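Geometric and topological summary
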Amino acid sequence: MKLAIIGYGKMGKEIERFALTRGHKVILKVDKDNPDQLSSGELERADVALEFTTPGTAESNINACFRAGVPVVCGTTGWMERLGEVERMCKEMNQAFFYASNFSIGVNIMFRLNSWLAGVMNRFPEYEPRLTEVHHIHKKDSPSGTAITLAEGITGNIDRKNNWINKESGQENLLSVISERKGEVPGTHVITYSSPLDVLEISHRALSRSVFASGAVMAAEFIAGKKGVFKMNDLLDI
Ligand SMILES: NC(=O)c1ccc[n+]([C@@H]2O[C@H](COP(=O)([O-])OP(=O)(O)OC[C@H]3O[C@@H](n4cnc5c(N)ncnc54)[C@H](O)[C@@H]3O)[C@@H](O)[C@H]2O)c1
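This structure is a prediction, so every number in the text was calculated from the model and none was measured. (Residues numbered from 1 in each chain as written. Predicted model: local features only at pLDDT ≥ 70, side-chain atom pairs only at ≥ 80, totals over all residues. Heavy atoms only, no water.)

Observations regarding the domain arrangement of the chain
By convention, interface size is frequently given as the accessible area that disappears when the constituent parts associate. Domain annotation of the chain identifies domain 1 (2-103 + 210-236) and domain 2 (105-205). Placing the centre of domain 1 and that of domain 2 at their C-alpha centroids yields a distance of 28 Å. With 12 residues of domain 1 in contact, the opposing surface of domain 2 contributes 14 residues. A combined buried area of about 1000 Å² lies between domain 1 and domain 2, and 58% of that area is made up of carbon and sulfur atoms. Run the count over domain 1 and domain 2 and you get zero salt bridges. At the junction of domain 1 with domain 2, the criterion picks out four residue pairs in polar contact (both at pLDDT 80 or more). For the side of domain 1 that touches domain 2, the class distribution of residues is five nonpolar, six polar and one charged. (Domains from an automatic or database assignment. Contact = heavy atoms within 4.5 Å. Buried area = accessible area lost by both parts, 1.4 Å probe. Salt bridge = Lys/Arg side-chain N within 4 Å of Asp/Glu carboxyl O. Polar contact = N/O pair within 3.5 Å; in protein donor to acceptor, adjacent residues only side chain to side chain. Nonpolar A, V, L, I, M, F, W, Y, C, P; charged D, E, K, R; others polar.)

This is the structure we're talking about:
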């Protein structure tokens, strides 16, 4: 496939490296110094665009792909309040859009496990849930998009928690979501259920950014030639 990479930062470079090993070609790289390349006509030649930039730039980049008729895989986090509108535009313009706040297969299995576990824990109020996420110091959004999805999986299934807060909550009805920023950690998410007698824990640790890049390239291979709005569940069938 011919790919366009929008956002040639840490993820963009990792995606390029992985895409080349899968036999794809990168025909366009757009970063903040050459955004006009998005309207140069070059984008139209791509089979799929992969968008990993910043919360403030994702939406306009995705719209540029829709206008060019190029399916877009987006992993940029921190702009979820606009996601519904982008999905609406995708359908209205009959384009293709694949979004995931986390492209790792392991994390997407953890999303399922988390919702199921929270449903079970609804019956055991002696267990207090808590979510911790650790990421590298360059991350712009906090909590992570993955942590928000996990937190919603808990609050949506445990009656005694009706919302989450991004600090130690100290309140019965609010789930504590703790964000830590350390060195170059690619992404760790830990859910603990603590009772006075024991602790049950599920966790996911990304070992490098390659796990997200490989998932994003798989998503690009999946979306090529399709129309509509897609998520990891469509790709993984879990
Ligand atoms: N969904 C996932 O699995 C996943 C995994 C890792 C990171 N991310 C997210 O992906 C995004 C990028 O992460 P990163 O680690 O590569 O960050 P980064 O800061 O290394 O790279 C972002 C790049 O976007 C460029 N950019 C800024 N404005 C732009 C514009 N208007 N047009 C084109 N490029 C522009 C920046 O110059 C930079 O090179 C973040 O939101 C991060 O949270 C998602």
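Here the narrative resumes, following the displayed structure.
A few points about the site of the ligand
Taken together, the neighbourhood of the ligand is formed by 24 residues, with K10, M11, D31, T77 and F103 sitting nearest. Contact between the ligand and A100: a nitrogen atom at 3.0 Å from a main-chain N or O atom of the residue. K139 places a side-chain nitrogen or oxygen 3.1 Å from an oxygen atom of the ligand. Burial of the ligand by the protein chains amounts to 85% of its free accessible area of 860 Å². Taking a 2 Å distance to the grid points as the criterion, the majority of the atoms of the ligand fall inside the largest pocket. Each residue belonging to the shell around the ligand can be placed in one class, and the counts come to seven nonpolar, 11 polar and six charged. (Near = heavy atom within 4 Å. Areas by Shrake-Rupley, 256 points an atom, 1.4 Å probe, with all protein chains shown as cover. 1 Å grid on protein atoms, 1.4 Å probe; cavity = no way out; pocket = protein on both sides within 12 Å on 5 of 7 lines; lining within 4 Å. Sits in = over half its atoms within 2 Å of the grid points.)

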